[in-house]
Amino acid sequence: MNQLAPCSIDSLKEAAKHLKDGALVAFPTETVYGLGVDAENQSAVARMYEAKGRPANHPVIVHISDQNLVGYWADEIPDYAITLMRKFWPGPMTLILKRSTNAKDFVTGGQEYVGLRMPANPIALKLLSEFESLGGHGVAAPSANRFGSVSPTSASDVKEEIGELLREQDLILDGGSCEVGVESTIIDCSKGLPRILRLGAITEEMIEEISPIDSDSDLEEIRVSGSLTRHYSPRARVVVDRAAQPGEGLIALSDIDTPKDVNRLCTPNTVEEYARTLYRSLRKGDSEGLGVIVVIPPSGNGLAAAIRDRIMRASTH
Ligand code: TXA
Ligand code: MG
């Protein structure tokens, strides 16, 4: 099948069955599209890694729709992590917790920690709860792009990235475009204080309202592929430190003018709109065959910092 499937309740029930039978199901979340498989099915996880072209020793986030499942996957959960879940789940936040014996090496990348997230998108939540009602405990899902490339924010982006690698029983659920547009905030909860591993829409300022943050920058003991310096890259060269020249692409907030003969890829009015349209605009630059895309990063804290993080990675070649 593997064409874009509509998202009626019946089709989500059907998709949950496919997951339970070991198929790959790409689904929308509020951040980006995920490429889901049963987190307890080793061969399905292996096939997902293969479709992504991702090294097997990278951990993958387990998605759940029910907070009661946290104890299935994780042990020794600190109080601040419980407060974070209560406050920001469902939402764009992934917590890294000490794994239980149920979290096998093939989802944790052999590490003692498991990543958990409850997404806010209603299609994702319904898919997960249907999967759980069939006896599943969680859906392992990385962003549904090929390793190192830009995360997909629409079903057609997913199809472009991995459509050809899907098999008969695999599905891409079409839930329109993602509301947030950049990946979830990842918070390491393995120590006495939360530590941010990847910036996202749950911001430093929001987390600080719950607990002081450990700003120790030594990330050695935890592997986060999104923290590889070069990541989230389009084919075009992304340039951040000069004005756009004729024939080049430009991504910038709407208060910045477009120089003559420059291909304006988007004109977001707000930081939220910037996050929502960034990846789509990078893809658009690629589909128009641009060699260079000049990106003028937004200033400020919060989501703007997450956008700058992704732009910096996209610009490292
Ligand atoms: O918004 C998101 O987080 C999306 C949607 C689909 O939920 N997912 C996503 O997954 O961005 P992915 O695999 O593309 O990026 C997740 C990052 C990876 O860099 C991975 O290394 C890290 O999370 N991660 C996952 N589990 C981990 C763990 N147990 N320990 C450390 N890092 C982990
Ligand atoms: Mg990714």
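A brief look at the structure comes next. (Residues numbered from 1 in each chain as written. Chains lettered and ligands numbered in written order. Predicted model: local features only at pLDDT ≥ 70, side-chain atom pairs only at ≥ 80, totals over all residues. Heavy atoms only, no water.)

**Considerations on the overall build of the chain**
Stage number 1. A count of helices and strands for the chain gives 10 helices and 14 strands.
Stage number 2. The globule rule puts the C-alpha radius of gyration for 317 residues at 20 Å, and the 19 Å found for the chain is close to it.
Stage number 3. Oriented by its inertia axes, the alpha-carbon framework of the chain measures out at about 60 × 50 × 30 Å.
Stage number 4. Evaluated residue by residue, the chain yields a buried proportion of 58% over its 317 residues.
Stage number 5. Restricting the contact set of the chain to residue pairs at least 6 apart, pairs at least 24 apart contribute 67%.
Stage number 6. Surface exposure of the chain reaches about 13,100 Å², of which carbon and sulfur atoms provide 48%.
Stage number 7. In the chain, 33 side chains carry a positive charge and 44 a negative one; their mean positions are 3 Å apart. (Helix = DSSP H or I, 4+ residues; strand = E, 2+ residues; numbered from the N terminus. Rg over C-alpha atoms; globule rule 2.2 N^0.38 Å. Buried < 20%, exposed > 50% of the residue type's maximum accessible area, 1.4 Å probe, protein only. Contact = heavy atoms within 4.5 Å. Areas by Shrake-Rupley, 256 points an atom, 1.4 Å probe, with all protein chains shown as cover. Lys, Arg positive; Asp, Glu negative; His and termini not counted. Charge placed at Lys NZ, Arg CZ, Asp CG, Glu CD.)

**Some words on the site of ligand 1**
Stage number 1. As a matter of local geometry, ligand 1 sits amid 26 residues, with Thr 31, Arg 54, His 63, Ser 143 and Ser 184 nearest to it.
Stage number 2. Tyr 113 is positioned with one of its backbone polar atoms (N or O) 2.9 Å from a nitrogen atom of ligand 1.
Stage number 3. In this structure, an oxygen atom belonging to ligand 1 sits 2.9 Å away from a side-chain N or O atom of Arg 198.
Stage number 4. Protein contact buries 98% of the 670 Å² of open area that ligand 1 shows by itself.
Stage number 5. At four residues, strand 6 (residues 113-117) tops the list of elements feeding residues into the shell around ligand 1. (Near = heavy atom within 4 Å. Polar contact = N/O pair within 3.5 Å; in protein donor to acceptor, adjacent residues only side chain to side chain.)

**Overview of the sheet that holds strand 12 (residues 249-251)**
Stage number 1. The four strands are arranged 11-14-12-13 in an open sheet whose pairing can be described as parallel. The open sheet has two free edges, formed respectively by strand 11 (237-239) and strand 13 (263-266), since each of these has just one partner strand. Adjacent strand axes in the sheet meet at a mean angle of 30 degrees when their direction is disregarded.
Stage number 2. Here strand 11 runs beside strand 14 (residues 292-295); their pairing, made up of three bridges, is parallel. (Pairing = 2+ DSSP bridges. Axes fitted to C-alpha atoms, helices over the stretch in contact; angles between N-to-C directions.)

**Points about the packing of helix 9 (residues 271-287) against helix 10 (residues 303-314)**
Stage number 1. Contact pair helix 9 / helix 10: the axes reach a minimum separation of 9 Å and the direction vectors enclose 25 degrees. The angle between the axes of helix 9 and helix 10 places the two elements in the roughly parallel class. Considering only the axes of helix 9 and helix 10, their crossing is left-handed. Packed against helix 9, whose contacting residues are Val 271, Glu 272, Tyr 274, Ala 275, Leu 278 and Tyr 279, the element helix 10 presents Leu 303, Ala 304, Ile 307, Arg 310 and Ile 311 at the interface.
Stage number 2. Class assignment for the residues of the contact of helix 9 with helix 10 results in nine nonpolar, no polar and two charged. (Parallel < 35°, antiparallel > 145°, perpendicular 65-115°, else oblique. Left-handed = near helix turned anticlockwise from the far one by under 90°. Nonpolar A, V, L, I, M, F, W, Y, C, P; charged D, E, K, R; others polar.)

**Focus: the nonpolar core**
As a rule of thumb, nonpolar side chains are buried together in soluble globular proteins.
Stage number 1. Counting residues in hydrophobic clusters, the biggest one holds 47 residues, and the most contacted among them are Leu 84, Trp 89, Leu 95, Leu 97 and Leu 116.
Stage number 2. If near-sequence neighbours (up to four positions away) are discounted, Leu 95 is found in contact with Ala 81, Leu 84, Met 85, Trp 89, Val 114, Gly 115, Leu 116, Ile 187 and Cys 189.
Stage number 3. Of all hydrophobic cores here, the second largest spans 25 residues; its members include Leu 290, Leu 303, Ala 306 and Ile 311. (Core = buried A, V, L, I, M, F, W, Y, C linked by side-chain atoms within 4.5 Å.)

**As for the pattern of salt bridges**
Stage number 1. Counted according to the given criterion, the structure contains 15 salt bridges.
Stage number 2. The partner of Asp 188 in a salt bridge is Arg 195, and the shortest N-O contact between them spans 2.7 Å.
Stage number 3. One connected set of salt bridges, linked through shared partners, spans Asp 157, Glu 160, Glu 161 and Arg 283. (Salt bridge = Lys/Arg side-chain N within 4 Å of Asp/Glu carboxyl O.)

**Some words on the packing of helix 1 (residues 9-20) against helix 6 (residues 122-133)**
Stage number 1. Following both chains from N to C, one finds helix 1 and helix 6 inclined at 55 degrees, their axes separated by 8 Å at the closest point. With respect to their mutual orientation, helix 1 and helix 6 come out oblique. When you trace helix 1 past helix 6, the crossing you get is right-handed. Residues Ile 9, Leu 12, Lys 13, Ala 15, Ala 16, Leu 19 and Lys 20 of helix 1 touch helix 6, and the partners they reach there are Ile 123, Lys 126, Leu 127, Glu 130 and Phe 131.
Stage number 2. For the contact of helix 1 with helix 6, the per-class residue count stands at eight nonpolar, no polar and four charged.

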